[in-house]
Amino acid sequence: MSTQAPVDHYARHLGIVVENFDNGSATAALTVGPEHLNPHGTAHGALLFSVVGAALAAAANNSTHSGVVSSIHIDYLAPAREGDALVASASVDERLAREDIFVVRLVNAAGGTVARATGRATRRAKHSTP
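Calculation notes
For every chain, the first residue of the written sequence is number 1, and numbering continues from 1 onward in sequence order. Local features are withheld for residues below a pLDDT of 70 in this predicted model, meaning they are given only at 70 or higher, and side-chain atom pairs are given and counted only at 80 or more; totals for whole chains, interfaces and linings count all residues. Each side-chain value is worked out from all heavy atoms of the structure, with water and hydrogens disregarded. Segments assigned H or I by DSSP are reported as helices when at least four residues long, segments assigned E as strands when at least two residues long, and all are numbered from the N terminus. Taken over C-alpha atoms, the radius of gyration is set against a globule rule of 2.2 Å times the number of residues to the power 0.38. Partly exposed describes any residue whose relative accessible area lies between the buried limit of under 20% and the exposed limit of over 50%, with all areas from a 1.4 Å probe on protein chains only and scaled to the type maximum. Buried Ala, Val, Leu, Ile, Met, Phe, Trp, Tyr and Cys residues form a nonpolar core when they are joined through side-chain atoms within 4.5 Å. Residue contacts are counted whenever heavy atoms from the two residues lie within 4.5 Å of one another. Only strands that DSSP links by at least two bridges are regarded as paired with each other. Helix axes are fitted to C-alpha atoms over the stretch in contact, other axes to C-alpha atoms as well, and angles between N-to-C directions run from 0 to 180 degrees.

In the nomenclature of an unreviewed UniProt entry, the protein chain is known as Phenylacetic acid degradation protein of Mycolicibacterium neoaurum VKM Ac-1815D.

Have a look at this one:
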């Protein structure tokens, strides 16, 4: 079991913090800032997708496998606003021969569901480096 996710520079740039990295599960957290808002004053859908994607990518990787995400389907269920603390929790729903199917739930601090997603990642063995 790995205790730390590899650095996701894009997630870091957006302010996303990946936590609870474990074999097949992870969380990603972000507080929505003014730089994350769309013209309607709510969190941009691409930002929400990125939080979900960061959690899924971290969950798909571990000390022996490198997960390559091949698809994500997301349903936006409620808006997120400036100051909202969001957490995406990703976990394996099904393990197939070479792929894992994940479920990701993005919630706000009040426990309200902001988005729900499913994703698929191919498992590839990590190669040791000399």
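Text resumes after the structure shown.
K.L.:
How should the overall build of the protein chain be read in this particular structure?
P.N.:
Counting its secondary structure elements, the protein chain contains two helices and six strands. Helices and strands appear in the protein chain in the N-to-C order α-β-β-α-β-β-β-β. A globule of 130 residues ought to have a C-alpha radius of gyration of about 14 Å, and the protein chain, at 15 Å, matches this closely. Its C-alpha atoms give the protein chain principal-axis dimensions of roughly 50 × 30 × 25 Å. Expressed as a percentage of the 130 residues in the protein chain, the buried residues total 37%.

K.L.:
Explain the nonpolar core to me, please; I cannot follow it from the model alone.
P.N.:
In globular proteins that are soluble, nonpolar side chains generally tend to be buried together. Counting residues in each nonpolar core, the largest one holds 31 residues, and the members touching the most others are Ile-16, Leu-48, Val-51, Ala-80, Leu-86, Val-104 and Leu-106. For this core, the secondary-structure elements that each account for two or more residues are helix 1 (9-14), strand 2 (25-31), helix 2 (45-59), strand 4 (85-95), strand 5 (99-108) and strand 6 (113-125). Among the elements that line this core, the one with the most residues is helix 2, at nine residues. When neighbours within four sequence positions are excluded, Leu-106 is seen to be in contact with Leu-48, Val-51, Val-52, Leu-86, Val-87, Ala-88, Gly-112, Thr-113, Val-114 and Ala-115.

K.L.:
Explain the pairing of strand 2 here, please?
P.N.:
For a regular strand, the rule is simple: side chains alternate between the two faces of the sheet. For strand 2, the buried fraction is high: five of the seven residues fall into the buried class. Bridge count for strand 1 (residues 17-22) against strand 2 is four bridges, and the pairing is antiparallel. If you follow Glu-19 over to strand 2, its bridge partner there is Thr-27. Where strand 1 folds back on strand 2, the antiparallel hairpin that results is connected by two residues, among which Gly-24 adopts a positive phi of roughly 90 degrees.

K.L.:
What is the right way to look at the environment of Val-69 in this model?
P.N.:
Tracing the backbone shows Val-69 in strand 3 (residues 65-76). By relative accessible area, which is 31% here, Val-69 ends up partly exposed. Between the C-alpha atoms of Val-69 and Ile-101, which are 32 residues apart in sequence, the distance is 9.8 Å. The contacts of Val-69, once residues within four sequence positions are left out, are Leu-56, Ala-57, Arg-120 and Ala-121.

K.L.:
Looking at this structure, I do not really get the sheet that holds strand 4. What am I missing?
P.N.:
Adjacent strands of a sheet pair through backbone hydrogen bonds, lying either parallel or antiparallel. Taken in spatial order, the six strands line up as 1-2-4-5-6-3 in an open sheet, and their pairing is antiparallel. Of all strands in the sheet, those bounded by a partner on one side alone are strand 1 and strand 3. Between one strand axis and the next, the sheet turns by 20 degrees as a mean value, whatever way the strands run.

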